[in-house]
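Residue-level structural notes
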Amino acid sequence: MKIKSTCATAIMLIALLMSLPLISKTNDDIEEVVVTASLTPILRSRSGNAVSILSKEQLKNHASVGITSLLRDVPGFSVSRVGVLGSQTQVRVRGAEANHLVVLFDGVEANDPSQGDEFSWATVTAADIERIEIIRGPQSSLRGSDAIAGVVNIITPSAEKTSFGFFLESGSRSTHHTGFNLGLKQPDFDFRLGLGHIESNGGNIARLGDEKDGYQNTTLTIKAGAKINEQVRVSFSARESDGMNQYDADNNYDGLVEDQDRKSNFYSSIKRLQLDYSPTGGYWRHKLMISRSINDNSAFAEGVKGNITASSKDLYQYVGSVSFAYGTKTLSFLAEREQEDWMQRGDDPWGDVNQDRERDTDSLAVEYRIDINDRLTMAASGRIEDNSEFSNAKTFRTETTYRLSNQTRVRGAFGTAIKNPTFTERFGYYTNFIGNPNLVPEKSRSWELGFDTEMLDGNVTLSATIFDSQLANEIDGFVYDPTIFAFTAGNIDLNSERKGFELSFVANFWDSLSISSAYTYTDSKDGNSVSEVRRPNHIASVNLGWETTENLFFNANLQFTGDQTDVYYPPYPEPSQVVIMDDHTLLNLNINYSASDKLEIYVNLDNALDKDYEQVFGYKTLGFGVSVGLRYSL
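Residues numbered from 1 in each chain as written. Predicted model: local features only at pLDDT ≥ 70, side-chain atom pairs only at ≥ 80, totals over all residues. Heavy atoms only, no water.

1. A few points about unusual backbone geometry
Here is the rule: Strands here mean DSSP runs of E at least two residues long; helices mean DSSP runs of H or I at least four residues long; both are numbered from the N terminus. Any residue under 20% of the maximum accessible area for its type is buried, any over 50% is exposed, and the rest in between are partly exposed; the area is computed with a 1.4 Å probe on protein chains only.
Within the chain, asparagine 607 stands out as a residue other than glycine whose phi angle is a positive 50°. Its place among the elements puts asparagine 607 in the loop between β34 (599-606) and β35 (625-633). Overall, the relative accessible area of 5% leaves asparagine 607 in the buried class. At aspartate 610, a position not held by glycine, the phi torsion is positive, near 55°. Within the secondary structure, aspartate 610 sits in the loop between β34 and β35. For aspartate 610, a relative accessible area of 48% corresponds to the partly exposed category.

2. Details of the pattern of salt bridges
Operational definition: Criterion for a salt bridge: a side-chain nitrogen of Lys or Arg within 4 Å of a carboxyl oxygen of Asp or Glu.
Counted under the stated rule, the structure contains 41 salt bridges. A salt bridge links arginine 44 to glutamate 32; its shortest N-O distance comes to 3.1 Å. Taken together, the positions of arginine 44 in the loop between β2 (42-43) and β3 (50-54) and glutamate 32 in the loop between α1 (5-18) and β1 (33-34) put the pair 12 residues apart, joining distant regions of the chain. Between lysine 419 and aspartate 117 there is a salt bridge, with its nearest N and O atoms 2.8 Å apart. Here lysine 419 is found in strand β22 (residues 408-419), whereas its partner aspartate 117 is found in the loop between β7 (108-109) and β8 (131-136), with 302 residues between them in sequence. A single burial state applies to lysine 419 and to aspartate 117, both of which are buried.

3. So, the sheet that holds β7
The condition that has to hold: Any two strands are treated as partners once DSSP identifies two or more bridges connecting them.
With respect to topology, 5 strands assemble into an open sheet ordered β3-β8-β9-β6-β7, the strand pairing being mixed. Each end of this open sheet is capped by a strand with a single partner; those strands are β3 and β7.

4. Brief notes about the nonpolar core
Condition: In these notes, a set of buried Ala, Val, Leu, Ile, Met, Phe, Trp, Tyr and Cys residues joined through side-chain atoms within 4.5 Å is what counts as a nonpolar core. The contact definition used throughout considers only heavy atoms, calling two residues in contact when any of these lie within 4.5 Å.
Within the largest apolar cluster, 29 residues are counted, with the highest numbers of intra-cluster contacts made by Leu71, Phe77 and Ile132. Listing elements by their share of this core, those giving two or more residues are α3 (68-71), β4 (77-81), β5 (89-93), β6 (101-105), β8 and β9 (150-155). Those residues in contact with phenylalanine 77, other than ones at most four positions away along the chain, are Leu71, Val91, Arg92, Val93, Leu101, Ile134, Arg136, Val152 and Ile539. Of all hydrophobic cores here, the second largest spans 7 residues; its members include Val460, Ala507, Leu513 and Val542.

5. A look at the pairing of β34
The side chains of a regular strand alternate between both faces of the sheet. The pairing of strand β33 (residues 584-594) with β34 spans 6 bridges and is antiparallel. Residue pairing across strands places asparagine 592 opposite tyrosine 602, the latter belonging to β34. Counting the residues between successive antiparallel strands, the hairpin from β33 to β34 contains 4 residues. Summarising the sheet, β34 and β35 pair through 8 bridges and their orientation is antiparallel. Paired with glutamate 600 across the two strands is arginine 631, which belongs to β35.

Such coordinate-based values are descriptive only and should not be taken to indicate function.
So, in structure tokens, the structure goes:
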């Protein structure tokens, strides 16, 4: 295995810092609770999953407009963005497909059925986000179809006090980001509203030309809760994003995009109403949730409205859990109904693409968790889905955590997961893609083994995980039929394999210096042992945080992405070609200054080395950029 020089430099830096003396800052540890790794909230140390958490403090210190740049620091995550801010972005975990990752907002699935069941990362800004929980590995036994590679739960903030705040940010490429929030907190009621707007002239993403592709996004977030009595609480959350992004297209069919006057308008909405009931003196807990997510996308060419896609997803969910044997055992049940609707409209010479489709899924799941003793925790979960379009699916997962000592634990997990074919794979899309209604779901079988250890009074944490996943019935969306000069989708007979390992390191030096780093090796191959595209073998990052004074915080972030393959489609009849995109290293710098308890000023330097690189073949990325902003709160 060839390790790039940047990775070697990062490892040497870690080794050097580990040799420095530490000043312990021991505090009474408060164990972290995660809400995504189980049907009920559990202690992070009791989960057999590989878990990463992006905290409120991390989000603030990075001061990033989007969150995908932060995901590059998460072990196992690979990010591909087509050009400028707001462009189509794909996130792949452990070498899986982009639609093998379920993304939740406050527990509500936000993947878009009208966009190949992927989550639209372009519609999300980092404003009004409290915390991001990331669970890697198969989660279909709890979350259903799509959760082959993991789950990301984006949690919005609740009002902790009556408050008001706003932020202003301006930067390169005429990028402006503004917003405000209001909070109201009473003993039995809380309400929070956040509103943010971003607009940018963007840059040129085509290899030739100078036409810029801009971006606009207005996001509204609402979160409220009311305590009816000691047993009942009702909560509501909503998030709506409305905006547009400009893009280029391959108008002359040479396989590369050119400057084009193209624009896409988007609208997304996620709403959730939840009731929690915990009887006094009882061990049962009940949760009833009703949610609805909507996505609308309209494309414009030369100012003329063209293709339209839309989807909606309604979810009705009940979760009941009971703890017994002095809290060492928990049994949870889930009953769920999901209704999905998909629509597309347009004019296509290849056939009638005007379609309305729907599918319904009824699911039952059970999860059993047991603390056998103070050291050993085991859990098992299973789910059965009755889908209106496919045969019944059964998935399961088992996990074990064993604490070798108070500082070290080993963990392991084994499970199965499924991914149902998308609407577009089954029923077609614009241009020359013909659907295949005979597709069957993809199925995976995965295992992982890891350990976590703390050293030096908890100031240093090391984690490592090895993983292996076999994917059956992988869907190839680029099956070419020369008789009709069109593409279609088909299931691959041979199993695909994704395997590798993840390493992470977090340390606190003195009271003012911290460093974290991650490295992932992934080997992802299809059934013919060909490397999957846009999945680099090597990914690494190093993040340095330094509180230089009581009011000044400096953050340096180094992100390495190894070389990776992509596919180039030259004009017909030339066959497609596999191309290699070179590795690249990005340096991002952030400075945060607290002028007072109420006012903060920050400066961001993105791609500080002005690196020229491509994440998707043929699409240029942004060079060096700078932004200055302030936050004010009452």
